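The residues making up each chain are set out below.
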Amino acid sequence: MRIVITGASRGLGYELTVAAAKRGHTIAAGVRDRSAAETRFARLDAELRERIELFELDVTSKESVRGLADELQQRGATVDALVNNAAILLGRDDTIESLNFDDVAESFETNLFGPIKMIQAMLPLLRKASMPTILNISSEAGAYATVYGGDYPYGLSKSALTYLSEKLRKELEPQGFQVLSVHPGWIRTDMGGEQAPGDPVETADKLLKLLERVRPLKLMRHGYVNPEGSELPI
């Protein structure tokens, strides 16, 4: 299986990339800083490293996203799964009075518009797969059922990403796609912090099983789930 993963050089994206390589998959890993990513991935065993190809990717740039899609297209590649993982966290402690609108706009550019650009570019390659999957990494920060004060840029953008996922699911599931929006939990990453209770390695393994459709999903009202594949309230 060929998997395209954005934000693959750190946190959950890195662990998901490594977990996929360990299970024999081929990964097109999108990273912002290829030089730094090369250094980190070089620590892996040679067999794993051979399954991971790094691509410099800025999901906010249509040209960068198009460049990755064109490269894979020229190779005649099929993409079995797209994981929209790249995200930023800005203005977390701002109240509505102190909120910087630039932080909101930048968050939407990366956390929502980035996935839209990736989906548009990768759809022709995904359509070549027998069981294509689009997995958007969202958050309970954007769920109405668990709404809390503050965290405006991140929460609003992740809420929009979950809604986008549902609209995609309505359109693409009849065409054989699996479309999921996943709350990975509070995990120990650069974004989550060391105090987080969740293990990103364990989370990555569970998400990979969703990509592989090892864990069948029951008929759901919507596609917002946790790493176990159980439906969450939006």
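Everything below is about the structure shown above.
Counting restarts for each chain: residues are numbered from 1 in the order of the written sequence. The predicted origin of the model limits local features to residues at a pLDDT of at least 70 and limits the giving and counting of side-chain atom pairs to 80 or more, whereas totals for whole chains, interfaces and linings rest on all residues. With hydrogens and water set aside, each side-chain value is computed from the structure's full complement of heavy atoms.

This brings us to the overall build of the protein. Strands are runs of DSSP state E lasting at least 2 residues, helices are runs of H or I lasting at least 4, and numbering of each runs from the N terminus. Secondary structure summary: the protein contains seven helices and seven strands in total. For the protein, the sequential pattern of α-helices and β-strands runs β-α-β-α-α-β-α-β-α-β-α-β-α-β. The globule rule used here is 2.2 Å times the number of residues to the 0.38 power, and the radius of gyration it is set against is calculated over C-alpha atoms. Taking 2.2 N^0.38 as the reference for a compact globule, 234 residues should give roughly 17 Å; the C-alpha atoms of the protein span a radius of gyration of 17 Å, in line with that estimate. Considering only C-alpha atoms, the protein reaches an extent of 50 × 40 × 35 Å along its principal axes. Within the protein, contacts between residues separated by at least 24 positions form 69% of all contacts whose residues are at least 6 apart in sequence. A 1.4 Å probe and the Shrake-Rupley method give the accessible areas. Residues count as covered only by the protein chains that appear here. Of the roughly 11300 Å² of accessible surface on the protein, a fraction of 50% belongs to carbon and sulfur atoms. Taken as two groups, the 28 positive and 33 negative side-chain charges of the protein have centres that lie 7 Å from each other. Note on contacts: a residue pair is in contact if any heavy atoms of the two residues lie within 4.5 Å. Charge counting follows a simple rule: Lys and Arg are positive, Asp and Glu are negative, and His as well as the terminal groups are ignored. To locate a charge, the coordinates of NZ of Lys, CZ of Arg, CG of Asp or CD of Glu are taken.

Glancing now at the packing of helix 5 (residues 101–126) against helix 6 (residues 152–172). The contact between helix 5 and helix 6 brings their axes to 8 Å, and the two run at 20°. Put simply, helix 5 runs roughly parallel to helix 6. As for the relative orientation of helix 5 and helix 6, their crossing is right-handed in sense. Packed against helix 5, whose contacting residues are D103, V104, S107, F108, N111, L112, P115, I116, I119 and L123, the element helix 6 presents P153, Y154, L156, S157, A160, L161, L164, L168 and L172 at the interface. Looking at the contact of helix 5 with helix 6 residue by residue, the class counts come to 15 nonpolar, three polar and one charged. Simply put, an axis is a line fit to the C-alpha atoms, just over the touching stretch for a helix, and the angle between two N-to-C directions goes from 0 to 180 degrees. Here is the rule for angles: anything less than 35 degrees is roughly parallel, anything more than 145 is roughly antiparallel, 65 through 115 is roughly perpendicular, and the remaining ranges are oblique. Crossings are classed by handedness, with left-handed meaning an anticlockwise turn of the near helix from the far one by less than a right angle and right-handed meaning a clockwise turn. Residues were grouped as follows: Ala, Val, Leu, Ile, Met, Phe, Trp, Tyr, Cys and Pro as nonpolar; Asp, Glu, Lys and Arg as charged; and all remaining residues, including Gly, as polar.

Another point: the sheet that holds strand 7 (residues 224–225). For two strands to pair, DSSP has to find at least two bridges joining them. The seven strands lie next to each other as 3-2-1-4-5-6-7, forming an open sheet whose pairing is parallel. Edge positions in the sheet fall to strand 3 (52–56) and strand 7, since each has one partner strand and no second. Against the sheet, helix 6 touches strand 5 (133–137), strand 6 (178–182) and strand 7, its axis set at about 165° to strand 6.

This next bit is on the environment of Y152. Along the chain, the position of Y152 falls in helix 6. Given the relative accessible area of 26%, Y152 is considered partly exposed. Once the C-alpha coordinates of Y152 and I116 are considered, the two residues, 36 residues apart in sequence, prove to be 20 Å apart. Other than its neighbours up to four places away in sequence, Y152 contacts D94, T95, I96 and L99. When a residue's accessible area, from a 1.4 Å probe over protein chains only, is under 20% of the maximum for its type it is buried; when over 50% it is exposed; and in between it is partly exposed.

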